[in-house]
Amino acid sequence: MLVSINLNDKEEAIVTNFAKLNNLSISEVIKQAILHQIEYLEDLKIEEKLDEADLEAETISLRYNSDEVFGKLRKSLNV
């Protein structure tokens, strides 16, 4: 796939310098930036779903402390 982007002089200098400092081609720098951004946004979606699940769990009282979870086990083991 061929992609074309327009960069102003400052942006071009930033990308070019970063590529040189990291021994990468400009194409590789841009590709990595795009893939990193996609991964970041996907991680945010997962975090949002986990936050929603936490909120729901709090709402319906599905949170338990360690004593509630392991209490019976400790008693049965006399710990």
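Residues numbered from 1 in each chain as written. Predicted model: local features only at pLDDT ≥ 70, side-chain atom pairs only at ≥ 80, totals over all residues. Heavy atoms only, no water.

**Here's the deal with the overall build of the chain**
Each helix and strand in the chain was counted, giving 3 helices and 0 strands. Mapped in sequence order, the helices and strands of the chain form the string α-α-α. What you see for the chain is a C-alpha radius of gyration of 25 Å, clearly larger than the 12 Å of a compact globule of 79 residues, by over 25%. Each of the three principal axes of the chain carries a C-alpha extent, and together these read 70 × 30 × 25 Å. Out of the 79 residues in the chain, the part that is buried amounts to 6%. As displayed, the chain offers around 7,600 Å² of accessible surface, 57% of which is attributable to carbon and sulfur atoms. The chain carries 9 positive and 16 negative side-chain charges, and their two centres are separated by 6 Å. (Helix = DSSP H or I, 4+ residues; strand = E, 2+ residues; numbered from the N terminus. Rg over C-alpha atoms; globule rule 2.2 N^0.38 Å. Buried < 20%, exposed > 50% of the residue type's maximum accessible area, 1.4 Å probe, protein only. Areas by Shrake-Rupley, 256 points an atom, 1.4 Å probe, with all protein chains shown as cover. Lys, Arg positive; Asp, Glu negative; His and termini not counted. Charge placed at Lys NZ, Arg CZ, Asp CG, Glu CD.)

**Topic: a negative patch on the surface**
On the surface, Glu39, Asp43, Glu47, Glu48, Asp51 and Glu52 cluster together into a negatively charged patch. Tracing the backbone through its elements, the reader meets Glu47 in helix α2 (residues 26–59). Residue classification places Glu47 among the partly exposed positions, given a relative accessible area of 46%. (Patch = residues over 30% accessible without salt bridge, like charges linked within 9 Å, V, L, I, M, F, W, Y side chains within 5 Å. Salt bridge = Lys/Arg side-chain N within 4 Å of Asp/Glu carboxyl O.)

**Brief notes about the confidence of the model for the chain**
Low-pLDDT portions of the prediction should not be read for the details of their coordinates. In the predicted model, the chain carries a mean pLDDT of 90, and 96% of its residues have values of at least 70. Taken element by element, the chain is modelled with least confidence in helix α3 (residues 66–77), mean pLDDT 84, and with most confidence in helix α1 (residues 9–21), mean pLDDT 97. (pLDDT = per-residue confidence, 0-100.)

**Some words on the environment of Leu55**
Assignment of secondary structure puts Leu55 in helix α2. A relative accessible area of 54% means that Leu55 is categorised as exposed. Spatially, the C-alpha atoms of Leu55 and Glu42 are 20 Å apart, while their sequence positions differ by 13 residues.

**Some remarks on unusual backbone geometry**
Although it is not a glycine, Asn23 adopts a positive phi angle of roughly 50°. Relative to the assigned elements, Asn23 resides in the loop between α1 and α2.

**Brief notes about α3**
Between the first and last C-alpha of α3 there are 16 Å, a value that for 12 residues agrees with the 16 Å anticipated at 1.5 Å per step. Counting buried residues in α3 gives 1 out of 12 residues, a small share hidden from the surface. One side-chain oxygen of the residue at the start of α3 lies 3.0 Å from the amide nitrogen of Asp67, identifying that residue as Asn65. Positive phi appears at Asn78, one or two residues downstream of α3, with a value of about 55°. (Expected span 1.5 Å × (residues − 1). Polar contact = N/O pair within 3.5 Å; in protein donor to acceptor, adjacent residues only side chain to side chain.)

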